[in-house]
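Here are the chains, one letter per residue:
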Amino acid sequence: MKKIQSALISVFYKDGLQPIANKLHQLGITIYSTGGTQKYLEDAGIPCIAVESLTTYPSILGGRVKTLHPVVFGGILGRRQELQDVAEMKQYSIPEIDLVIVDLYPFEETLRNTSEEKLIIEKIDIGGPSMIRAAAKNFKDIVVIAAKDDYASLENLLDTQKGATTIEQRKTYAAKAFEVVMNYDIAINNYFNPTNIATPTSAAKQVLRYGENPHQSAVFYGNLQETFNQLNGKELSYNNLVDVDAAIQLINEFSEDAENVFAIIKHTNVCGVAKRNTVKESWDAALAGDPESAFGGVLVSNGTIDKLTAEAINEIFFEVLIAPSFQEEALQILKSKKNRIVLSLKTERTNLKPQSKSLLNGTLIQEPDKGNFSEWKEVGGRETSLSEKENLAFGNIICKHLKSNAIALIKDKQLIGKGCGQTSRIDACKQAIAKAQQFNFNLKNAVLASDAFFPFNDCVQIAHAAGIEAFIQPGGSIRDKDSIAYAVENQLAMVITGLRHFKH
């Protein structure tokens, strides 16, 4: 057991600190502090000694240098059992520090709230991580608290053990401290190296019930509350999270859209989506696109869920509903089933993160698929009409969110048929047409979107025979001329976008 005689406190956020500082004062422990923390403690009537009185240097360079001094780090790193360390500390008037409490600058929070580089850079803490690492390294003599989550346990130790700690307790705190610093450095690395993303550890770890299947274990690394608030329902499963991510990626395409968009996701594929004047109308149209596949799906909207829409949605079984907001009456209806997951989506992030996938003996990392089309090149036998343009642009975005090979059929800004995850484009085309026919959609005036080029003109011929007369595709095949020639010959509209949307 070692008794705490002195403490160094330097924190960014002060909430939860006062009870600990009061307890330290009651136990007769000397408190050293800096800047805003010192003022906070003194305003609370808790005496403390300014670090500047030890270093004989004021805070300089706009606060960048406060604690980076041999007196401070000597007090933290000095080994109390090493005679030479003890002698040198006495020679240079270095006080022993037994407890270090540090709360780091909020780098990740700043990153979420601004894109201004100057502000972000200034929230890269230097002295804080250094003090934490030093104290954790010297755990045989020092207690280190590097996260507000540990305030309660420290307060309990101060109460029950009167300021004394065991080597096991100090080592446990040290392990947590190194983890805090590691995750902090990972966040900074990910900012500076967006194509070399590192994964955080258990500081942001959520153990899931199971993975893709019940016999697979799984964890989630990250803070879900940064993306949404859960208003109702059971814990999100691995498959829920995968589908929720797909749903949010899709709806973010329409974050600035004036019209209401509602989509239904199943196994990461869009099985129903529509754009209408009201949320209720968009829901009705999305469901009508494939009412069979909607069962057990993940629903997402870019508009506020009202009572009328909630009543309609409540008639079917679904796993998750995501929307930016909910009317109170609507929320009460949706909460009628306790396991139904209801998520309130927070403001969408504009900075899309690189995507990563572990495979073989490494990790693949790529930039996200941004945008709809890089060009709009009319190459068919006629120009597209205004209505066709709107539907083709809408369809191309929807096709982007279907697994390849993918074909989407759109009519009046409603998905009426889709073929996805097929090993040939012909199969995807036939599947899309069959889906539309299954639910009695008339394909006259419908348009077709393809996630990749047509290697031959067969898909265009099949779709044309079914009644489709407008197409959008990225182009890029050595035989583009075949499908273009067919479109020209048959007075069909065709748009080349120059932007492929493979999704595996």
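Owing to the predicted nature of the structure, the values given are computational and were not obtained by experimental measurement.

The rules behind these values
Residues numbered from 1 in each chain as written. Predicted model: local features only at pLDDT ≥ 70, side-chain atom pairs only at ≥ 80, totals over all residues. Heavy atoms only, no water. Pairing = 2+ DSSP bridges. Helix = DSSP H or I, 4+ residues; strand = E, 2+ residues; numbered from the N terminus. Axes fitted to C-alpha atoms, helices over the stretch in contact; angles between N-to-C directions. Parallel < 35°, antiparallel > 145°, perpendicular 65-115°, else oblique. Left-handed = near helix turned anticlockwise from the far one by under 90°. Contact = heavy atoms within 4.5 Å. Nonpolar A, V, L, I, M, F, W, Y, C, P; charged D, E, K, R; others polar. Phe/Tyr/Trp six-rings, centres within 6.5 Å; stacked < 30°, edge-to-face > 60°. Buried < 20%, exposed > 50% of the residue type's maximum accessible area, 1.4 Å probe, protein only.

Take the sheet that holds strand E5 (residues 99-103) next. Remark on secondary structure: sheet strands pair via backbone hydrogen bonds, oriented parallel or antiparallel. The five strands are arranged E4-E3-E2-E5-E6 in an open sheet whose pairing can be described as parallel. The sheet is open, and its two edges are formed by strand E4 (49-50) and strand E6 (143-145), each paired on a single side. When strand E2 (residues 6-11) meets strand E3 (residues 30-33), the two strands line up parallel, connected through four bridges. Bridge assignment links isoleucine 9 to a residue of E3, and that residue is serine 33.

Interhelical geometry of helix H8 (residues 127-137) versus helix H10 (residues 167-192) gives an angle of 150° and a closest axis separation of 9 Å. Regarding the angle of H8 to H10, the classification is roughly antiparallel. By crossing handedness, the relation of H8 to H10 is classed as left-handed. Touching Pro129, Ile132, Arg133, Ala136 and Lys137 of H8 are Ala174, Ala177, Phe178, Val181 and Tyr184, all from H10. In terms of residue class, the contact of H8 with H10 is made up of eight nonpolar, no polar and two charged.

A few words on the packing of aromatic side chains. Going through the model one piece at a time under the given rule, you end up with 10 aromatic pairs. Note on phenylalanine 107 and tyrosine 191: the rings are 6.0 Å apart at their centroids and 75° apart in plane angle, and the pair reads as edge-to-face. Placement of phenylalanine 107 in helix H6 (residues 107-113) and of tyrosine 191 in helix H10 is noted, with a sequence separation of 84 residues between them. According to the relative accessible area criterion, phenylalanine 107 is buried, its value standing at 1%. Where phenylalanine 454 meets phenylalanine 471, the ring centres are 6.5 Å apart and the plane angle is 85°; that geometry is what we call edge-to-face.

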